[in-house]
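One-letter residues, chain by chain:
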Amino acid sequence: MAAGAAKKASSESSLLNIGQVLARLRADFPDLSSSKLRFLEEQGLVSPARTTSGYRKFSMADVERLRLILSMQRDHYLPLKVIRSYLADLDAGTSPSFPGLPDGAPAPTILPGGRRFKRDELIREAQASRTLLADAISASLIRPGEFFGEEALTMLTALAVLQKSGIEPRHLRGFRTAAARELDLIEGAVLPMSRRKDAASRARAAELAGDVASNLETVRTCLVRSALGRIIPEA
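These numbers come from a predicted model, not from an experiment.

A.B. asks: Please set out the overall build of the chain residue by residue, giving values where relevant.
C.D. replies: Helix and strand counts for the chain come out as 10 helices and 4 strands. Along the chain, from the amino end to the carboxyl end, the secondary structure elements read α-α-α-β-β-α-α-β-α-α-β-α-α-α. With 235 residues in all, the chain has 33% of them scored as buried. Looking at the chain alone, contacts between residues at least 24 apart form 59% of all its contacts between residues at least 6 apart. When the accessible surface of the chain is split by element, carbon and sulfur atoms take 54% of a total near 14,600 Å².

Pasting the structure below:
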């Protein structure tokens, strides 16, 4: 019994309370709050353990799951229903395609580590050249820095594929302008809710922003596919 109690105490001591989770994640997600974490739990995206007193206790797996969820919202503008479906497939042991990524692009992972890349690592993982990365930074498609995240890897991987078709980063400067216009639309849609001071409203505003972004992406994709019919007429 004594050995079992000691093992249980050791296991519980490795769990984190909500404040410790915030401390670990706020470096990458400065606006994260305890209310947002509770909101994600209410939505069924994470299920921390509970003490006999009802306090939440998060494992390291929970922390990395939260990091993935928050990255999917922030970097890919995915709505919670899409994130929930993706996580359910992961939990079921399948290997689902990451929603919204081009074929061959690396998907974010729940596993810790590998989420920050040095310049040479980024180039190697994306199978790109130093010149392509420099051009992407010059075109404001990738932010300059000593370390790069998964979003930069996804972008550089896509740019490397596009380069094979003769499309260079300088040709894509207009995408930054279009993205800024989309952000204006998203901001206008969520502004009334985001102005509210309670954390629950801000969390819902974040989810709404993801939904709007996802639907704007659908509209853009449909327009491009429709235009392809004029470029490549059916036989």
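So much for the structure itself; the text now carries on.
A.B. asks: Describe the side chain of Glu182, listing the residues and the values that go with them.
C.D. replies: Along the chain, Glu182 falls in helix H9 (residues 173-194). In terms of polar contacts, Glu182 uses its side chain to reach the side chain of Arg220, at 2.6 Å. In this structure, Glu182 is in contact with Leu216 and Arg220, ignoring residues within four places of it in sequence.

A.B. asks: Please give an account of the nonpolar core that cites residues and values.
C.D. replies: One finds Val21, Leu25, Leu40, Leu66 and Ile83 to be the most contacted residues of the largest nonpolar core, which totals 25 residues. When contributions to this core are tallied by element, the ones reaching two or more residues are helix H2 (18-25), helix H3 (34-42), helix H4 (60-76) and helix H5 (80-91). Sort the elements by how many residues they give to this core and H4 lands first, with 6 residues. In this view, Leu40 contacts Leu45, Val46, Leu66, Ile69, Leu70 and Leu80; residues no more than four positions away in its chain are not counted. Counting residues in hydrophobic clusters, the runner-up holds 18 residues, among them Ile123, Ile137, Leu141 and Ala160.

Cut-offs used in this document
Residues numbered from 1 in each chain as written. Predicted model: local features only at pLDDT ≥ 70, side-chain atom pairs only at ≥ 80, totals over all residues. Heavy atoms only, no water. Helix = DSSP H or I, 4+ residues; strand = E, 2+ residues; numbered from the N terminus. Buried < 20%, exposed > 50% of the residue type's maximum accessible area, 1.4 Å probe, protein only. Contact = heavy atoms within 4.5 Å. Areas by Shrake-Rupley, 256 points an atom, 1.4 Å probe, with all protein chains shown as cover. Polar contact = N/O pair within 3.5 Å; in protein donor to acceptor, adjacent residues only side chain to side chain. Core = buried A, V, L, I, M, F, W, Y, C linked by side-chain atoms within 4.5 Å.

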